[in-house]
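Summary of structural features
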Amino acid sequence: MSKAIITGACGFIGSCLARRLLERGDEVVGIDNLSRRGSEFNAARLRSAGMRLIRADLSSQDKAEGAFAAAGPADAVFHLAAQVAVTLSYQDPRVDFRDNAIAAFNVIDAVRRHSPAAYCLYASTNKVYGHLTVNRPVGEERPLDPYTPYGVSKAVGEMYFTEYGRPEFGLSTCSLRQSCIYGHQQFGVEDQGWVAWFSIANLLGRDIAVYGDGRQVRDLLFVEDLVDLYLLLWERRVGGVYPVGGGEANAISVSEGLDRIAAITGRPFPPITTEATRPGDQPYFVADLAWVRRLGLPWSPKVGVDAGLRAMIEWQREHLDEIRAAFA
Ligand SMILES: NC(=O)c1ccc[n+]([C@@H]2O[C@H](COP(=O)([O-])OP(=O)(O)OC[C@H]3O[C@@H](n4cnc5c(N)ncnc54)[C@H](O)[C@@H]3O)[C@@H](O)[C@H]2O)c1
């Protein structure tokens, strides 16, 4: 049995990872301040499945130290806690910096003291690439060039994980620059998590807006495929920084996403408002997964977009009461 600490354990990706680890018999300590809408429902599920939850704000040095001291040494630390919306990073860049850059620094520095042997994985983002003007998959060689406060604050956290992975600190760190992840236990909102937000809005009969022409392309990655990758990287203690998404086979536009969701739910969307493109919205992001083959990792996305959307929508239908409460 291994022991893992997951920050942001009650959020979307963290809760899916926590559930998987608990199912295989690992000990899981979650650290979360439950600031995300809907996170309290994931918290309740995970607590009853055996996760120990430490409620703490990781942007406070003292609270982060206290949480990692209380959690004790672990075999792996997954840092997923974050302020996740580009829009909010413009509205309040200081809060974004606090919850992303400062919290990431607090976490990796606390790991250095309390859990130095742990494998550490940082959930970075495709936003660290900034403007992408060519419609071509992005490979591991592409450098950081963030645009948007969120892109900058996530890049700062990523750089600290990389720095602490160098010989002077000697930690074992890896960062994944993630594309669009979607699936169950995701309380997507207009500001972030567009795939889940569109299907939630469809099921609840809410109005939606599309920002831009709807032709923005993302390679969707189903959350359980991402969790498989996290576990494989941990098992092999892979270090470095890599882009990840569903790859070209799972790349769709926002408009196609809407069509597919409506086809699955059988409910047309109400008339959709069109708004101006949001700042920093990349017209095209697809991850080049050549690094996975280069490292000889037995991983590729298994869940195609249609199957993933169906699974996500099925979960949403089964949890409509929670979703209604979270969106009240
Ligand atoms: N979902 C995606 O498509 C996507 C894409 C790229 C990168 N990411 C990254 O993956 C990670 C997880 O994303 P997610 O979609 O699960 O987000 P999420 O918002 O569902 O989960 C984040 C969790 O962190 C917690 N949190 C926020 N600030 C905190 C703080 N200061 N202290 C303690 N806890 C705090 C929230 O309560 C929430 O439970 C994030 O780091 C995000 O930047 C996500």
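Throughout what follows, the structure given in this document is the object of discussion. Think of each chain on its own: its residues are numbered from 1, step by step along the sequence as written. Per-residue local features are limited, in this predicted model, to residues with pLDDT of at least 70; the limit for side-chain atom pairs, both in listing and counting, is 80 or more; totals at the level of whole chains, interfaces and linings are taken over all residues.

A short note on the overall build of the protein
- In this text, helices come from DSSP runs of H or I with a minimum length of four residues, and strands from runs of E with a minimum of two, each type numbered from the N-terminal end. What the protein contains, in helices and strands, is 12 helices and 14 strands.
- Along the first, second and third principal axes, the C-alpha set of the protein runs to 55 × 45 × 40 Å.
- Sorting the 328 residues of the protein into buried and exposed places 49% on the buried side.
- Whether two residues are in contact depends on their C-beta atoms, placed from the backbone: they are in contact if these lie within 7 Å. Contacts spanning at least 24 positions in sequence make up 78% of the contacts within the protein whose residues lie at least 6 apart. Neighbour counting defines burial: a residue surrounded by 20 or more other C-beta atoms within 10 Å of its own C-beta is buried, one with 12 or fewer is exposed, and intermediate counts give partly exposed, using backbone-placed C-beta atoms.

With respect to the site of the ligand
- Surveying the vicinity of the ligand reveals 29 residues, the closest of which are Gly8, Gly11, Arg36, Ala82 and Ala123.
- Where the shell around the ligand is concerned, the elements lending two or more residues are α1 (12-23), α5 (93-114) and β5 (119-125).
- At three residues, α1 tops the list of elements feeding residues into the shell around the ligand.
- Gly falls in the polar group here, along with every residue not listed as nonpolar (Ala, Val, Leu, Ile, Met, Phe, Trp, Tyr, Cys, Pro) or charged (Asp, Glu, Lys, Arg). For the shell around the ligand, a count of residues per class yields 13 nonpolar, 11 polar and five charged. For each residue, a C-beta atom is positioned from the backbone; the residue is called near a molecule or strand if that atom sits within 6 Å of it.

Comments concerning the pairing of β5
- With seven of seven residues buried, β5 lies mostly within the body of the structure.
- Here β5 shows no split at all, with Tyr119, Leu121, Ala123 and Thr125 on one side and Cys120, Tyr122 and Ser124 on the other all buried.
- When DSSP finds two or more bridges between a pair of strands, those strands are recorded as paired. Across four bridges, the pairing between strand β4 (residues 76-79) and β5 is parallel. Directly across from histidine 79, in β5, lies its bridge partner tyrosine 122.
- Two strands pair when backbone bridges link them, and β5 and strand β6 (residues 172-178) are joined in this way by seven bridges, in the parallel orientation. Paired with leucine 121 across the strands is cysteine 174, a residue of β6.
- The handedness rule is simple: strands pointing away from the viewer, and a clockwise path from the first strand over the helix to the second, make the crossover right-handed. Once you follow β5 into helix α6 (residues 149-164) and on to β6, the crossover reads as right-handed.

Notes on helix α3 (residues 61-71)
- Turning to α3, its buried residues are Ala64, Ala67, Phe68 and Ala71. Buried positions in α3, seen along its axis, are confined to an arc of 90 degrees and lie on one side of it. Turned more than 90 degrees from where α3 packs its buried face, Asp62 and Ala69 sit exposed.
- The secondary structure elements touched by the buried residues of α3 are β1 (3-7), β2 (27-32), β3 (52-55) and α5. Arc definition: it is the arc formed by the directions from the helix axis to the C-beta atoms.

Structural notes on the sheet that holds strand β9 (residues 217-219)
- Taken together, the three strands give an open sheet; going across it, the order is β12-β9-β14, and neighbouring strands pair in mixed fashion. Each end of this open sheet is capped by a strand with a single partner; those strands are β12 (251-253) and β14 (284-285).

Points about unusual backbone geometry
- A positive phi is found at leucine 34, a non-glycine position, where the angle reads about 55 degrees.
- One can find leucine 34 in the loop between β2 and α2 (39-48).
- In this model, arginine 237 sits at a positive phi of 45 degrees, which is unusual for a non-glycine residue.
- Positionally, arginine 237 belongs in the loop between α8 (223-236) and β11 (240-244).

Side note on the sheet that holds β1
- The seven strands are arranged β3-β2-β1-β4-β5-β6-β11 in an open sheet whose pairing can be described as parallel. Two strands bound the open sheet, and with one partner strand each, they are β3 and β11. Pairwise comparison of adjacent strand axes, ignoring direction, gives a mean angle of 20 degrees for this sheet. Each axis is a line fitted through C-alpha atoms, and for a helix only the stretch in contact is used; angles between axes span 0 to 180 degrees, taken between their N-to-C directions.

Notes on the pairing of β1
- By the criterion of burial, β1 is predominantly enclosed, with four of the five residues buried.
- Pairing between β1 and β2: five bridges, direction parallel. By the bridge assignment, lysine 3 is partnered in β2 with glutamate 27.
- As paired strands, β1 and β4 are joined by four bridges and run parallel to one another. The partner of isoleucine 5 across the bridge, within β4, is valine 77.

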